[in-house]
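Spelled out from the first residue to the last, the chains are:
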Amino acid sequence: MRQGILLYGPPAAGKDTITAALTELDARYVPFTRLKIGTGKTKGYRMGTAEQLAGLEARGEAIYRNDRYGNIYVVDRPGLDQAMEGGKTPVVHLGQMAGMEQVTALYPARWVRVLLWCSKETTARRSPQRGDIDTAARLAAWDATQADLVAHPRAQWELRVETDATAPRETAQRIDDIVRTTPRRS
């Protein structure tokens, strides 16, 4: 069965850092590059057009779409299919519970769900360090992520990590252990 990792958390919680640690640990882990329609940062995204998005939506291949920071971000079926080729395990970054629900419901795979968390103060400190020019928007997204999490008290996680207190390599190893031992869900 295909498998993937869903990393959920607020901005600057360490999703990129943990993904890098996973890819160093095992070559089967690959970052999932979401489709982005908009402007700004291009690294880590497959840049697309409104026409591409319309086509994906018309074919039912846009699994999850969110609009944030004036852009559109998409988890799409063709992108996940490609990321899973050759037995690879994509690491998908999400900041909305709706995205977690959509991906697990609409894309059959063994998904390991990981909650990465950091304080709002940590996001405020890390955001400019990683080159964000819109830290205020990232802090608003932190608030939205916290509210989203509170609104979903029954969310299931295979792992919860406070990234303020846990080293990235340790987190990656813990995730890898879970990926290797988690039984399939029905």
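Each value, and the rule that gives it
- Residues numbered from 1 in each chain as written.
- Predicted model: local features only at pLDDT ≥ 70, side-chain atom pairs only at ≥ 80, totals over all residues.
- Heavy atoms only, no water.
- Helix = DSSP H or I, 4+ residues; strand = E, 2+ residues; numbered from the N terminus.
- Buried < 20%, exposed > 50% of the residue type's maximum accessible area, 1.4 Å probe, protein only.
- Polar contact = N/O pair within 3.5 Å; in protein donor to acceptor, adjacent residues only side chain to side chain.
- Pairing = 2+ DSSP bridges.
- Axes fitted to C-alpha atoms, helices over the stretch in contact; angles between N-to-C directions.
- Parallel < 35°, antiparallel > 145°, perpendicular 65-115°, else oblique.
- Left-handed = near helix turned anticlockwise from the far one by under 90°.
- Contact = heavy atoms within 4.5 Å.
- Nonpolar A, V, L, I, M, F, W, Y, C, P; charged D, E, K, R; others polar.
- Salt bridge = Lys/Arg side-chain N within 4 Å of Asp/Glu carboxyl O.
- Expected span 1.5 Å × (residues − 1).

Caption draft 1: Structural detail: the side chain of R113. Position of R113 among the secondary structure elements: in strand 8 (residues 110-117). Under the relative-accessibility criterion, R113 is labelled buried at 14%. In this structure the side chain of R113 is engaged in a polar contact, spanning 3.5 Å, whose partner is the backbone oxygen of Q156.

Caption draft 2: Spatial organisation of the pairing of strand 6 (residues 71-76). In terms of burial, strand 6 is largely enclosed, as six of its six residues are buried. Here strand 6 shows no split at all, with N71, Y73 and V75 on one side and I72, V74 and D76 on the other all buried. In terms of strand pairing, strand 3 (residues 34-37) meets strand 6 through three bridges, oriented antiparallel. Opposite L35, over in strand 6, you have V74 as the bridge partner. Relative to strand 6, strand 5 (residues 62-68) runs antiparallel, the two sharing six bridges.

Caption draft 3: Structural detail: the packing of helix 5 (residues 120-129) against helix 6 (residues 135-150). The N-to-C vectors of helix 5 and helix 6 enclose an angle of 150 degrees; their axes lie 10 Å apart at closest approach. On the basis of the axis angle, helix 5 is roughly antiparallel to helix 6. Judged by the twist between their axes, the crossing of helix 5 over helix 6 is right-handed. Taking contact as the criterion, the partners of K120, T123, A124, S127 and P128 in helix 5 are, on helix 6, T135, R138, L139, W142 and D143. Of the residues in the contact of helix 5 with helix 6, the class split is four nonpolar, three polar and three charged.

Caption draft 4: View of the pattern of salt bridges. For the coordinates displayed, the defined rule picks out 16 salt bridges. The salt bridge involving E24 is made with R169; its shortest N-O contact spans 3.3 Å. Placement of the pair is E24 in helix 1 (residues 15-25) and R169 in helix 7 (residues 168-181), with a sequence separation of 145 residues. Across the pair D132 and R130 runs a salt bridge whose closest N-O atoms are separated by 2.8 Å. It is possible to trace a salt-bridge network through shared partners that takes in D26, R28, D176 and R180.

Caption draft 5: View of helix 6. For helix 6, which comprises 16 residues, the first-to-last C-alpha distance of 23 Å matches the rise-based estimate of 22 Å (1.5 Å per residue) to within 8%. T135, R138, L139, A141, W142, T145, D148 and L149 are the residues of helix 6 that are buried. Contacts from the buried residues of helix 6 go to strand 1 (3-8), strand 5, helix 4 (97-106), strand 8 and helix 5.

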